[in-house]
Amino acid sequence: MLENRFPNVKVIQSEVKQLKSKEHCILTGDGSQHVYEKLCLCAGAKPKLICEGNPYVLGIRDTDSAQEFQKQLTKAKRIMIIGNGGIALELVYEIEGCEVIWAIKDKAIGNTFFDAGAAEFLTSKLIAEKPEARMAHKRTRYTTEGRKKEAQTKSGAGNLGSALGPDWHEGLNLKGTKEFSHKVHIETMCEVKKIYLQEEFRISKKKSLPFPRDRCNQSVTTDKAWPVYVELTNEKTYGCDFIVSATGVTPNTEPFLCGNNFDLGEDGGLKVDAQMHTSVSDVYAAGDICTASWPPSPFWQQMRLWTQARQMGWYAAKCMAAASLGESIDLDFSFELFAHVTKFFNYKVVLLGKYNAQGLGSDHELMLRCTKGQEYVKVVMQNGQMMGAVLIGETDLEETFEHLILNQTDLSSYGDLLDPNIDLEDYFD
């Protein structure tokens, strides 16, 4: 499909077996050798599975694993989700007709993105029914089509498919065997201690807990012989049909390290400079596989998110083209301010700058505004200047706050910035 639209592009569908950077070539799984002048590694990241090789532990990272998850869910009465990041947040809300036990190691949900206040705001939505219409998209949507089936048959079990993107669950029917909307129980401050298969659990003579009754004291699934059991570090044990491991990712660098002298970041990613160049000559990297090693803007931090990977890929292409012409370009403006727009629990969510006061220590203050069921606004201030913000709901404040952060406007004389009677957007226009 790409080749038809862009005659200068050639697509080779094969896994990389080895990178020989000194010879400027890569070896692929089909036995071919491809010579390059400049190379950009965009192999993404792979999920950190809580247990390798267990057929009842499923990691969701790419479009293929998402399809497998949908298939398994249609037969499930209860699942357990381990993890507290973006995929876990989306799953627990979207799944219907299946009991969900959500185990997180933190005190509150969404610790990667939210503080305890925002988590409490969202939790009230999680335990309610879902009668409302889905939030309308006001941006480009990303879907898969074309050669998906062919790609699935060619790819092995250990190979990663296409990245999920922001709309990964839109085309999936995330419904279990039951008729209720959603039923979620959260276990906080715990991790997985041990996983038992059915026979192992029977021999252990341990007891599993039934799904806790809901607010209406309605009957729930009676405890039965489950295919797999999870013992948590809080000494609670639950049985389920399968487990979703959503505990983060690790950069997918393995195919490229052997025989090459890459500098690696503390998180295992390939270190890149402000031109997205690695420590190896003529090799660039972008997205989840890389670790940004240039001095960052005061309002930007790297997170392994789909939107940021896309920005890095676009910028890396510009850097490679400029280097081929013997030129260099300035760091792209998208790295001046961290900005991420997503959707959780059918709320629009905007994260700007140091939205969780990352790296600011105790030298900051917070301003909050919350209207239950409608909006949650948090602003991070330091020395009278805005450093970051969290916007949940249709606040229409993102553009105004973006300018205030970038311009570092002195706001110390303005009092309560979040007074609902003040039209901030008009005032700072």
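Owing to the predicted nature of the structure, the values given are computational and were not obtained by experimental measurement.

(A) Layout of the overall build of the protein chain. When helices and strands are tallied, the protein chain shows 10 helices and 22 strands. Scored against the burial criterion, the 429 residues of the protein chain give a buried share of 45%. The long-range fraction of contacts in the protein chain, counting pairs at least 24 apart against all pairs at least 6 apart in sequence, stands at 64%. Only carbon and sulfur atoms are counted for the fraction: they give 49% of the accessible area of the protein chain, which is about 22300 Å².

(B) Up close: the sheet that holds strand E22 (residues 385-392). With antiparallel pairing, the five strands of this open sheet are ordered in space as E18-E19-E22-E21-E20. The two strands at the open ends of the sheet, each matched to only one other strand, are strand E18 (339-344) and strand E20 (365-371). Across this sheet, the average inter-strand angle for adjacent strands is 15°, counted without regard to direction. Pairing of strand E19 (residues 347-353) with E22, which is carried by five bridges, proceeds in the antiparallel orientation. What sits directly across from Val349, in E22, is Ile392. Contacts from helix H4 (residues 116-126) reach E18, E19, E20, strand E21 (375-382) and E22 within the one sheet, and its direction differs from that of E21 by about 170°.

(C) Seen up close, the sheet that holds strand E9 (residues 183-187). Ordered in space as E6-E13-E7-E8-E9, the five strands form an open sheet in which the pairing is parallel. Strands at the two margins of the open sheet, each flanked by one partner only, are strand E6 (57-59) and E9. For this sheet, the mean inter-axis angle between neighbouring strands, taken without regard to orientation, is 25°. On the sheet, helix H3 (residues 86-94) packs against strand E7 (78-82), strand E8 (99-103), E9 and strand E13 (242-245) and is oriented at approximately 155° with respect to E8.

(D) How the structure looks around a nonpolar patch on the surface. The grouping of Leu2, Phe6, Val9 and Val11 at the surface amounts to a nonpolar patch, some 300 Å² of accessible area in total. With respect to the helices and strands, Val11 occurs in the loop between helix H1 (2-5) and strand E1 (16-20).

(E) Focus on the pairing of E9. Of all five residues in E9, four are buried, a share of seventy percent or more. Relative to E9, E8 runs parallel, the two sharing five bridges. Bridging from a neighbouring strand, Ala103 pairs with Glu187 of E9.

(F) View of the nonpolar core. Core analysis: the biggest nonpolar cluster contains 69 residues, and Ile79 and Phe114 have the highest contact counts within it. In this view, Phe114 contacts Leu89, Ala119, Leu122, Phe344, Val349, Leu351, Asn356, Val390 and Ile392; residues no more than four positions away in its chain are not counted. Ranked by size, the runner-up nonpolar core spans 23 residues in total, among them Met367, Met381, Met386 and Leu391.

(G) Highlighting helix H9 (residues 398-407). All of the buried residues along H9 are Thr400, Phe401, Leu404 and Ile405. Each buried residue of H9 lies within a common arc of 130° when the element is viewed along its axis, so the set occupies one face. Opposite the buried face of H9, at more than 90 degrees from it, the exposed residues are Glu399 and Asn407. Once H9 ends, the next one or two residues include Gln408, with phi positive near 50°.

(H) Highlighting unusual backbone geometry. Residue His24 is not a glycine yet carries a positive backbone phi of 55°. Locating His24 in the fold gives a position in the loop between E1 and strand E2 (25-28). Notably, Met189 is not glycine yet its phi reads approximately 55°, a positive angle. Relative to the helices and strands, Met189 resides in the loop between E9 and strand E10 (192-197).

(I) View of the packing of aromatic side chains. Using the criterion set out here, one finds 14 aromatic pairs in the structure. With a centroid separation of 6.1 Å and 50° between ring planes, the pair formed by Phe113 and Phe114 is classed as tilted. For Lys125, the ring lying beneath its charged end belongs to Tyr347, and the centroid distance is 3.8 Å.

(J) Expanded view of the environment of His182. If you trace the backbone, His182 turns up in the loop between helix H5 (148-154) and E9. Placed 90 residues apart in sequence, His182 and Val92 show a C-alpha to C-alpha distance of 8.2 Å.

(K) Layout of the environment of Gly393. Considering the arrangement of structural elements, one finds Gly393 in the loop between E22 and H9. Owing to a relative accessible area of 7%, Gly393 belongs among the buried residues under this scheme. Excluding its chain neighbours within four sequence positions, the residues that come into contact with Gly393 are Tyr347, Lys348 and Gln374.

(L) Focus on the pattern of salt bridges. By the definition in use, this model includes 13 salt bridges. Residues Glu99 and Arg78 are paired through a salt bridge, measuring 3.1 Å at the closest nitrogen-oxygen approach. Residue Glu99 is located in strand E8, and its partner Arg78 is located in strand E7; the two are separated by 21 residues in the primary sequence. Glu99 sits in the buried class, given a relative accessible area of 0%. Classification of Arg78 as buried rests on a relative accessible area of 0%. Because the salt bridges share partners, they merge into one network encompassing Lys193, Lys206, Glu231 and Glu235.

Quick notes on the rules
Residues numbered from 1 in each chain as written. Predicted model: local features only at pLDDT ≥ 70, side-chain atom pairs only at ≥ 80, totals over all residues. Heavy atoms only, no water. Helix = DSSP H or I, 4+ residues; strand = E, 2+ residues; numbered from the N terminus. Buried < 20%, exposed > 50% of the residue type's maximum accessible area, 1.4 Å probe, protein only. Contact = heavy atoms within 4.5 Å. Areas by Shrake-Rupley, 256 points an atom, 1.4 Å probe, with all protein chains shown as cover. Pairing = 2+ DSSP bridges. Axes fitted to C-alpha atoms, helices over the stretch in contact; angles between N-to-C directions. Patch = residues over 30% accessible without salt bridge, like charges linked within 9 Å, V, L, I, M, F, W, Y side chains within 5 Å. Salt bridge = Lys/Arg side-chain N within 4 Å of Asp/Glu carboxyl O. Core = buried A, V, L, I, M, F, W, Y, C linked by side-chain atoms within 4.5 Å. Arc of directions from axis to C-beta. Phe/Tyr/Trp six-rings, centres within 6.5 Å; stacked < 30°, edge-to-face > 60°. Lys NZ or Arg CZ within 6 Å of the ring centre and 35° of its normal.

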